[in-house]
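Listed below, chain by chain, are the residues.
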Amino acid sequence: MIELEHVSRLFGNFRAVDDVSLSIQTGEIVGLLGPNGAGKTTTMRMITGFLEPSSGTIRIDGLDNVENPVETKRKIGYMPESAPLYGDMIVADYLTYVAEIEGQDPAEKVPLLAKMCGLKEVMHKNIGELSRGNKQRVGLAHALMGDPEILILDEPTSGLDPNQVIQVRELIREIGKTRTVIISTHILSEVETLCSRVIIISGGKKIADSTPESLREQYGSSARVELLIKASDSNLVKEKLSSVKGIASCSTAQEDDKIRVHLALSENTELRPLISRTVIENGWELFEMQLLKNSLEDVFRNLTNGGEQ
């Protein structure tokens, strides 16, 4: 378990993290979100013990990470956004080197992590010759070398191609079955795919902490319906669709000989049958209809506006 109680961190007169309290239970995959300058990287560095809090307490499994730095750091694996790897070392040699430094048996741990992180095909290559995706895998193997209970990942899929992103996400999901995982990322779809809980930090403060579903319901904008229809009079389209009970607003835009219609719903209720009936009754041709549900992007925009240390 990770517990933060009234944690703050100052750099000179600048308060990067301001009175943050939270707890993360064993086995959770948690997304840590915030705009650039929000303080999330500083928060992660304090959890890992790289930075001390200016005030407040951080406990790892009940141990204060300032008073018990060695014990708490053994429980944590950390992969920064750009993992500091030795580019002129062969992957197998590098992982052997890391294992020896951490007091692990290389003969046991290196083959195990090579298989777990999908590195078996590149163990003979120099790290500097690897793709970014495989470098991320090496960094992940490094973070897992001490068999940590907690894994903290900073932008784990940044710069990867779509196939690599899928592979790394599957690996994180598998790792999360047996460990606590904290993911800091700007890719909101990644959080929705991987995380059971989201913590949003802005201006150094924790401003939201819940499941993605709860955040969408609480802070997301109303659901929307988008139509593409063929009709002769856009004003009549706005008038008729705006009169449907449950539609908060209607806007239209001309697309060649068709009209793109955006409908904001006052509640998250199913109005598509009523909307389609209105289209049919007025003799319009319907080409597209889609329901655009609330997203974490809506939540993020509504809650944040600002400043990453």
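A brief report on the enclosed structure follows.

The rules behind each value
Residues numbered from 1 in each chain as written. Predicted model: local features only at pLDDT ≥ 70, side-chain atom pairs only at ≥ 80, totals over all residues. Heavy atoms only, no water. Helix = DSSP H or I, 4+ residues; strand = E, 2+ residues; numbered from the N terminus. Buried < 20%, exposed > 50% of the residue type's maximum accessible area, 1.4 Å probe, protein only. Contact = heavy atoms within 4.5 Å. Polar contact = N/O pair within 3.5 Å; in protein donor to acceptor, adjacent residues only side chain to side chain. Phe/Tyr/Trp six-rings, centres within 6.5 Å; stacked < 30°, edge-to-face > 60°. Lys NZ or Arg CZ within 6 Å of the ring centre and 35° of its normal.

## Section: the environment of Glu28
Positionally, Glu28 belongs in the loop between β2 (14-24) and β3 (29-33). In this structure Glu28 comes out as buried when scored by relative accessible area, which is 18%. Between the C-alpha atoms of Glu28 and Gly246, which are 218 residues apart in sequence, the distance is 38 Å. Ignoring sequence-local partners within four residues, the contact set of Glu28 consists of Arg179, Thr180, Val181 and Arg197. Of note is the side chain of Glu28, whose polar atom sits 2.8 Å from the backbone nitrogen of Gln25. Here the side chain of Glu28 touches Arg197 through a polar contact of 3.0 Å, side chain to side chain.

## Considerations on the packing of aromatic side chains
In this structure the tally under the stated criterion is three aromatic pairs. Plain terms: the ring middles of Tyr86 and Tyr94 are 6.1 Å apart, the flat faces sit at 75° to each other, and that makes the pair edge-to-face. Within the aromatic cluster, the residues linked to one another by ring pairs are Tyr86, Tyr94 and Tyr97. In this structure, Arg9 is placed above the aromatic ring of Phe11, and the distance from its NZ or CZ to the ring centre is 4.7 Å. Positioned above the aromatic ring of Phe287 is the side chain of Lys258, whose terminal nitrogen or guanidinium carbon lies 4.7 Å from the ring centre.

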